[in-house]
Structure formats: structure tokens, C-alpha cells
Amino acid sequence: MKFEKRDILLISGLILFMIGLIPFMSPAYAAVIVILMYFGIKIYVGKRSQSILRDTGDGICMECGSKIIGKKCSNCENLEE
């Protein structure tokens with residue numbers, strides 16, 4: 001989990017969420033909830049980006065939109081033959 005520029009926006013949004021929770025619960029519980037939300041979102045985004053990178057392989061074909069394997073599109077290669 002690396003710190004990226006968009007994490008500043010996430011942190012600021014979570015701080016505002018925590019401020020909104022304070023009237024309904026103690027600040028300690030609100031802080032714990034926000035910290036858990038931060039790490040949960042970071043883990044979810046990390047898993048999702050790994051999934052996307054794994055699915056795209058070397059890239060995506062501009063003709064049919066399928067995955068490129070070995071610098072060749074399997075769908076377009078089959079159509080040419």
C-alpha cells in the first residue's frame with residue numbers, strides 16, 4: 001500500500017465523515033471507524049487494480065477489445081485465418 005496523491009482526497013473525505021459521526025458517538029469510536037474504513041478502501045482498491053492488470057495481460061486489442069497474449073490478439077488472429 002503506497003501513498004498516492006489521491007489518498008489526500010480520501011483522507012480529507014474520511015476526516016469530514018468522522019466529524020459527522022462525532023455527534024452520534026464518542027470521538028474515539030469515530031476515529032476507529034474511519035481508520036478501518038481507510039485501510040478497507042486501500043485494500044479493496046489494491047486488489048481491484050491487481051485484478052484489472054491480470055485481466056488485461058499485455059494490453060487490450062483495439063479492434064475487438066479482447067486480451068492480447070504474446071503481442072497477438074487471439075480473436076483477430078482466428079478471423080484472419
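Everything that follows concerns the structure shown earlier in this document.
In this text the structure is predicted, and so the values were computed from the model without any measurement.

Participant: Would you take a moment to explain the state of the cysteines for this structure?
Facilitator: Here is the idea: a disulfide is a covalent bond, and it sits between the sulfur atoms of two cysteines. Enumeration over the complete set of coordinates arrives at 0 disulfides. Considering cysteine sulfurs only, cysteine 76 is the nearest to cysteine 61, which forms no disulfide, with 3.6 Å between them. What makes cysteine 61 buried here is its relative accessible area of 11%.

Participant: What am I meant to see in the pattern of salt bridges here?
Facilitator: When the charged atoms of two side chains lie near each other, side chains of opposite charge can form a pair. One pass over the full model with this rule turns up 2 salt bridges. Here glutamate 4 ties to arginine 6 by a salt bridge, and the two come within 3.1 Å at their closest N and O atoms. Here arginine 6 falls in the exposed class, since its relative accessible area comes to 53%. Between lysine 42 and aspartate 7 there is a salt bridge; the shortest N-O distance is 2.8 Å. With lysine 42 in helix H2 (residues 27-56) and aspartate 7 in helix H1 (residues 6-21), this residue pair connects regions lying 35 residues apart in the sequence. Summarising the burial analysis for this pair, lysine 42 and aspartate 7 share the class buried.

Participant: Where do I start with H1 in this structure?
Facilitator: Side chains that are three or four residues apart share a direction in an α-helix, a result of its 3.6 residues per turn. Along its 16 residues, H1 runs 23 Å from first to last C-alpha, staying within 8% of the 22 Å computed at 1.5 Å per residue. Looking at the packing, one finds that the buried side of H1 touches H2.

Participant: Before we go on, may I ask you to explain the environment of phenylalanine 17 in this structure?
Facilitator: Examined against the element boundaries, phenylalanine 17 turns out to sit in helix H1. Separated by 37 residues in sequence, phenylalanine 17 and arginine 54 have C-alpha atoms that sit 33 Å apart. Excluding anything up to four places from it in sequence, phenylalanine 17 contacts Val34 and Met37.

Participant: What is the right way to look at H2 in this model?
Facilitator: With 30 residues, H2 should reach 44 Å at 1.5 Å per residue; the first-to-last C-alpha distance of 43 Å fits that figure. If you check which residues of H2 are buried, you get Ala30, Val34, Tyr38, Lys42 and Ser51. One or two residues past the end of H2 sits glycine 57, with phi positive at roughly 65 degrees.

Reading the values: rules and limits
- Residues numbered from 1 in each chain as written.
- Predicted model: local features only at pLDDT ≥ 70, side-chain atom pairs only at ≥ 80, totals over all residues.
- Heavy atoms only, no water.
- Disulfide = S-S within 2.5 Å.
- Buried < 20%, exposed > 50% of the residue type's maximum accessible area, 1.4 Å probe, protein only.
- Salt bridge = Lys/Arg side-chain N within 4 Å of Asp/Glu carboxyl O.
- Helix = DSSP H or I, 4+ residues; strand = E, 2+ residues; numbered from the N terminus.
- Expected span 1.5 Å × (residues − 1).
- Contact = heavy atoms within 4.5 Å.

By themselves, these figures tell us nothing about what the structure is for.
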